[in-house]
Amino acid sequence: MSLPEPLAEDIRAAMDSFGGARPAMLESLRLIQHAEGWVSDARLAEVAELLGVTPAELDNLATFYSMIFRRPVGETVILLCDGASCWLNGADAVRDAVMARLGIGFGETTGDGKYTLINCACLGGCDHAPAAAVGRDRRLVGPLAPEDLAPLLEAAP
Ligand code: FES
């Protein structure tokens, strides 16, 4: 695997735009994930080399954020909020219903590769609590009801 030149160009542009390699680290990870769905070990090492940082430094940043995926994910990633507002508005019941419906827990992907479920901190959409962000565009959905998960499961990737 070698870093495709268009991605390398985007990362160089991020370095210029953000004022250096270190400020561009998170954006570089976002660019890789946007293009490929997740950040593999091989890709992380290539990006680290391009940025002039160690793979460990980049991995430390990647693993700090729940929205940077270091493992392959399903077609649709569901980020289910477990922040205070969502918890107070019934997130636990929604979580239980989603897990029962999909047959997976947090950090897992359905057998058909369609959904990956991840818990996350406040999405900044507390007025939609209990809320989730779904798909590549992180579309905010909510308020969710455990008896009606259609708005969550039918959100386009
Ligand atoms: S606590 Fe869930 S969106 Fe803010």
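Please refer to the structure higher up on the page.
The text that follows walks through the structure, step by step, so that each part is easy to find. (Residues numbered from 1 in each chain as written. Predicted model: local features only at pLDDT ≥ 70, side-chain atom pairs only at ≥ 80, totals over all residues.)

1. Remarks on the overall build of the protein
Then comes step 1: In terms of helices and strands, the protein carries seven helices and five strands.
Then comes step 2: The linear arrangement of helices and strands in the protein, starting from the amino end, is α-α-α-α-β-α-α-β-β-β-β-α.
Then comes step 3: Across its three principal directions, the C-alpha atoms of the protein cover 50 × 30 × 25 Å.
Then comes step 4: In the protein, buried positions account for 28% of the 157 residues.
Then comes step 5: Across the protein, the fraction of contacts at a sequence separation of at least 24, relative to all contacts at a separation of at least 6, is 53%. (Helix = DSSP H or I, 4+ residues; strand = E, 2+ residues; numbered from the N terminus. Buried ≥ 20, exposed ≤ 12 C-beta atoms within 10 Å, placed from the backbone. Contact = placed C-beta atoms within 7 Å.)

2. Some details on the sheet that holds strand β5 (residues 139–141)
Then comes step 1: Strands sit in the order β2-β3-β1-β4-β5 across an open sheet of five strands; the sheet is mixed. Strands at the two margins of the open sheet, each flanked by one partner only, are β2 (108–109) and β5.
Then comes step 2: In this sheet, strand β3 (residues 115–120) lies alongside strand β1 (residues 76–81) in parallel orientation, the contact comprising six bridges. Residue pairing across strands places Leu79 opposite Ile118, the latter belonging to β3. (Pairing = 2+ DSSP bridges.)

3. Some points on the packing of helix α2 (residues 25–36) against helix α3 (residues 41–51)
Then comes step 1: Look at α2 against α3: their axes get within 11 Å of each other, and the N-to-C directions meet at 140 degrees. In the crossing of α2 with α3, the sense of the turn from one axis to the other is right-handed. Contacts from Met25, Ser28, Ile32 and Glu36 in α2 reach Arg43, Val47 and Leu51 in α3.
Then comes step 2: Counted by class, the contact of α2 with α3 contains four nonpolar, one polar and two charged residues. (Axes fitted to C-alpha atoms, helices over the stretch in contact; angles between N-to-C directions. Left-handed = near helix turned anticlockwise from the far one by under 90°. Nonpolar A, V, L, I, M, F, W, Y, C, P; charged D, E, K, R; others polar.)

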